[in-house]
Amino acid sequence: MSHEQILDIRNLTVKYHTFTAVSNVSFSVNEQDFIAIIGANGSGKTTLIKTVLGLLNAQEGTIVTPTGVTVGYLPQHTMSLDRFFPATVDEVVGMGLLAKKRFPKILSKQEKQNIEDVLHMLNIQHLTHKRIGALSGGQQQRVLLARALVSNPDVLILDEPTSALDHNMRKQFFDILSHLNTSHGVTILLVTHDIASASDYINRVIYMDQKLLFDGTFSAFCEDQKLSPFIHTHSLRHKKMGDES
Amino acid sequence: MNIIQELMAAFSYGFMWRALFVGVSVAISSSFIGPYLVLKRFSMIGHGLSHVAFAGIAVGLLFRTAPLIFSMVIVVSVSVFILKLNETAKLHGDAAIGLTAAVAMAFGTVLASVAGGFNVDLFSFLFGSILTIQRIDVYLSITFSIVVIAVVTTLYHDLFSMTFEEDFAKVSGINTKRLNTILAVLVGVTVVIGIRAMGTLLISSLIIFPTIIAMQFTKGFKTTIVIAAVSSVFIVIFGLMGSYLLDWPSGSTIVLLNGVVFLGVYLYNRILRPQG
Ligand SMILES: Nc1ncnc2c1ncn2[C@@H]1O[C@H](COP(=O)(O)OP(=O)(O)OP(=O)(O)O)[C@@H](O)[C@H]1O
Ligand SMILES: [Mg+2]
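Residues numbered from 1 in each chain as written. Chains lettered and ligands numbered in written order. Predicted model: local features only at pLDDT ≥ 70, side-chain atom pairs only at ≥ 80, totals over all residues. Heavy atoms only, no water.

### Observations concerning helix H1 (residues 45-52) of chain A
Residues and elements named next belong to chain A. Along H1, 6 of the 8 residues are buried, which leaves the element largely enclosed by surrounding structure. Within the span of H1, buried status applies to Lys45, Thr47, Leu48, Ile49, Thr51 and Val52. Residue Gly54 follows H1 closely and has a positive phi angle near 85°. (Buried < 20%, exposed > 50% of the residue type's maximum accessible area, 1.4 Å probe, protein only. Helix = DSSP H or I, 4+ residues; strand = E, 2+ residues; numbered from the N terminus.)

Printed below as a string of structure tokens:
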């Protein structure tokens, strides 16, 4: 697989005042990569992707993307949405298209169809006219994923998107991501604590704790972890054995 | 009918029509910005700014120049200032508003006492009085309301995205800093044009009430704004007529009517409607 580079991060350091959350991180992402970014709570994953998205400023380092690359973003803590916010599911998903548009912000027929298709794909079409605050956490997460997907972005950046999903939905969710990745060539950066579920779909693991500790394939990561175990050792071993059989 | 005759008589005078024009335009513009402020947890900014408007009016009256224009310049500047304070200093929005309101009120009352009182009834500026509304106020409110409504309508999708989730809006390329500043200017303008009918102390309720009344039974964002505007227009019209008939201050009458409607909608939702 030879794909063009879509994101290049060099010597990135991000601080909150004096506290260093991300320290001297370098890696690059190629088109159609499906990367899981893992690490313990507070290891700087959210800080890293927020900096990549331009929401935080880096103290040092560079982030380079080719011009014209579009990004879809699913933030962490979608559960903290205002329960009383008056917005219907279709209004929220439409935001994924309308927020990027120039004036006049009107949806074309094709775009309305896109919204319907995405809602169908995520199996939330029956919720279209519901208030988002009235949905369950997992349903809300699917709505916000729909909002990220509806504009057909080149790169998807997802911050713990599966934390509120049940077992079945989690599998469906990864199948959808995998389909987008392999059939539509979407590059995916996925922050997750559930590397065991993601491992079948990803082609790379980035493991960080302020610094970048590992960058490579999942099986190489498992080998690496035999020397210095990671918190998820148990599920990893289990997974690894399954792979070998 | 006595009441109808009385109302007919009222409408034969110019002041009642002026009050209606001012009231309706303020009702629409304040319910257009209300949802953004309420949902961004910034609804008390109207309250803070109304204190500033009071100080502005005191200054204007002191120099015998158009108090509302004077007030508008000051209020809009302070509104943007509060926003910047909230963005940059380690100060929460409500603290920034509380401080500004207190300082402005202190300043206004000191001015009033130094000047030894004004030849205009300050009370009417505090609680609203339809009798004091001039032709120029009508032109001002209609013009500025149209500006507020036009800007909010044009920027509707950006404001909606930003209110729902600021980070997502930024990633989508929306300049949220600029948008927040525009919102702050619109709030300042709305507060000042509402002073004649509502009074400085009560204008903020015209920003908050329609939104929370609408939120009791709407699901979508657009419908919330539309219902807020429609209900606010009706409440203001009935409030102004009530104010005339009962000889109550217009702002107070409108606020009380809003309270009654809110209570009615709330109870209806809680008790009479089968599902929650
Ligand atoms: N706004 C902030 N101000 C100061 N420190 C912060 C801020 N946000 C995060 N931090 C700190 O930076 C570090 C990294 O936080 P970050 O949110 O990037 O971690 P994370 O890897 O995403 O964790 P989690 O798995 O819990 O989501 C943490 O130690 C956190 O305390
Ligand atoms: Mg995080």
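Back to the write-up after that little detour.
### Here's the deal with the pairing of strand S3 (residues 34-38) of chain A
All names here are of chain A. Extensive coverage of S3 is indicated by the burial of 5 of its 5 residues. Because side chains alternate across S3, one face comprises the buried residues Phe34, Ala36 and Ile38, and the other comprises Ile35 and Ile37, equally buried. Sheet topology note: the S3/strand S7 (residues 187-191) ladder contains 4 bridges and is parallel. Note on S7: the bridge partner recorded for Ala36 is Leu190. (Pairing = 2+ DSSP bridges.)

### Re the domain arrangement of chain A
All names here are of chain A. Assigned domains within chain A: domain 1 (1-69 + 154-245) and domain 2 (80-152). Between domain 1 and domain 2, the C-alpha centre-to-centre distance is 25 Å. In this assembly, 13 residues from domain 1 lie in contact with 10 residues from domain 2. Summed over both partners, the interface of domain 1 with domain 2 buries about 890 Å², with 73% contributed by carbon and sulfur atoms. At the junction of domain 1 with domain 2, the criterion picks out 0 salt bridges. Counting every contact that joins domain 1 to domain 2 gives 3 residue pairs in polar contact (both at pLDDT 80 or more). Counting residues per element, the ones that place at least two in the side of domain 1 that touches domain 2 are strand S6 (155-159) and helix H5 (167-183). When residues of the side of domain 1 that touches domain 2 are assigned to their parent elements, the largest contribution, 4 residues, is made by H5. Residues of the side of domain 1 that touches domain 2, tallied by class, amount to 9 nonpolar, 2 polar and 2 charged. (Domains from an automatic or database assignment. Contact = heavy atoms within 4.5 Å. Buried area = accessible area lost by both parts, 1.4 Å probe. Salt bridge = Lys/Arg side-chain N within 4 Å of Asp/Glu carboxyl O. Polar contact = N/O pair within 3.5 Å; in protein donor to acceptor, adjacent residues only side chain to side chain. Nonpolar A, V, L, I, M, F, W, Y, C, P; charged D, E, K, R; others polar.)

### Here's the deal with the environment of Ile254 of chain B
Residues and elements named next belong to chain B. Looking at where Ile254 falls in the secondary structure, it is placed in helix H14 (residues 250-272). Residues Ile254 and Ile235, spaced 19 residues apart in sequence, show a C-alpha to C-alpha distance of 6.7 Å. Those residues in contact with Ile254, other than ones at most four positions away along the chain, are Met198, Leu206, Ile235, Val236, Gly239 and Leu240.

### Brief notes about the nonpolar core
Core analysis: the biggest nonpolar cluster contains 126 residues, and Ile132, Leu156, Leu158 and Leu177 of chain A together with Phe164 of chain B have the highest contact counts within it. If one sorts the elements of this core by residue count, helix H2 (residues 14-39) of chain B sits on top with 12 residues. Lining this core are residues from two domains, each supplying at least three of them: domain 1 (1-69 + 154-245) and domain 2 (80-152) of chain A. Of all hydrophobic cores here, the second largest spans 24 residues; its members include Leu12, Val14, Leu53 and Tyr73 of chain A. (Core = buried A, V, L, I, M, F, W, Y, C linked by side-chain atoms within 4.5 Å.)

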